[in-house]
Amino acid sequence: MTIAVPLAVAAGVDAGQRFLDVALAPSGQTFRMPNLAEGIAEIIARLERSGVRRVVLEAIGPYAEPLVRALSVAGFEVGIVNPRRIKAFREAEGGRAKTDRLDARLIARFALTMPETLRPCRPTPNSS
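For every chain, the first residue of its written sequence is number 1, and the numbers climb from 1 along that sequence. Where totals are concerned, whole chains, interfaces and linings use all residues; where local detail is concerned, this predicted model gives features only for residues with pLDDT of at least 70, and gives and counts side-chain atom pairs only at 80 or more. Each side-chain value is derived from all of the structure's non-hydrogen atoms; neither hydrogens nor water enter the calculation.

Undergrad: Could you clarify how one ought to interpret the packing of aromatic side chains in this entry?
TA: Two aromatic rings, drawn from Phe, Tyr or Trp (for Trp, its six-membered ring), form a pair once their centres lie within 6.5 Å of each other, and the interplanar angle then sorts them: stacked below 30 degrees, edge-to-face above 60, tilted otherwise. For the structure on display, the rule yields 1 aromatic pair. On the basis of an interplanar angle of 85° and a centroid distance of 5.2 Å, the ring pair of Phe89 and Phe110 is categorised as edge-to-face. Placement of the pair is Phe89 in helix H3 (residues 83-93) and Phe110 in helix H4 (residues 100-113), with a sequence separation of 21 residues. A positively charged side chain is recorded as over a ring if its NZ (Lys) or CZ (Arg) lies within 6 Å of the ring centre. The angle to the ring normal must also be within 35 degrees. Over the face of the ring belonging to Phe19 we find Arg32, whose NZ or CZ atom lies 4.4 Å from the ring centre. Labels follow the DSSP assignment, with helices taken as runs of H or I lasting at least four residues and strands as runs of E lasting at least two, numbered in each case from the N terminus.

And the structure:
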């Protein structure tokens, strides 16, 4: 029998064309990096230092693909969530405000509390 061990910390990412907003749960700490190779490398380093194993993103648009690929290769458990689930989670918490930083925090909390709803990602070959 396998017993699931709860995570101590997880990360949520709100991915945009220019920036990646990252939040850690349960601390609520956030940071923003450019959506470039250098920014992605810094995100991975910070997540490793913070003890993060699970990183969750919303399943929207192509902007997160390089980050998802890099996180998977680095050994993180990467999950993609339907945006409707995140919206429902926001409403269940009673939240209304919506900014990149708040979205990242919400996604990180979702990663800690709803792990069974995650769709895992597998590393994909670099298409560029």
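Undergrad: Looking at this structure, how should I read H4?
TA: Given 3.6 residues per turn, any residue in an α-helix points the same way as the ones three and four places further on. How far a helix is expected to stretch is found by multiplying one less than its residue total by 1.5 Å. Under the 1.5 Å per step criterion, the end-to-end length of H4 is 20 Å for 14 residues, consistent within 8% with the ideal 20 Å. Three labels apply to residues, based on accessible area from a 1.4 Å probe with only protein chains included: buried if under 20% of the type maximum, exposed if over 50%, partly exposed otherwise in between. The complete set of buried residues in H4 reads Asp103, Ala104, Leu106, Ile107, Ala108, Phe110 and Ala111. Where the residues of H4 are buried, they touch strand S1 (10-15), strand S2 (19-25), strand S4 (54-58), strand S5 (77-81) and H3. Any two residues whose heavy atoms approach within 4.5 Å are treated as being in contact.

Undergrad: Mind showing me how you'd approach empty space enclosed by the protein here?
TA: Over the atoms, a rolled probe matching the size of one water molecule traces out where space is still vacant. Grid points spaced at 1 Å over the protein atoms alone were grouped into cavities, where a 1.4 Å probe fits but cannot get out, and pockets, open sets with protein on both sides within 12 Å along at least five of seven lines, with lining residues defined by an atom within 4 Å of a point. Grid points are joined across faces, edges and corners, and a volume is the space filled by probe spheres set on the points. What the rule picks out here adds up to 1 cavity of 30 Å³ or more. By volume, the largest cavity is sized at about 50 Å³. As for the largest cavity, its lining consists of Val13, Asp14, Ala15, Leu57, Glu58, Ile60 and Ala64. Of all the elements in the fold, those that place two or more residues in the lining of the largest cavity are S1 and S4. Ranked by residue count, the leading element in the lining of the largest cavity is S1, at 3 residues. Of the residues contributing to the lining of the largest cavity, the split by class is 5 nonpolar, no polar and 2 charged. Residues were grouped as follows: Ala, Val, Leu, Ile, Met, Phe, Trp, Tyr, Cys and Pro as nonpolar; Asp, Glu, Lys and Arg as charged; and all remaining residues, including Gly, as polar.

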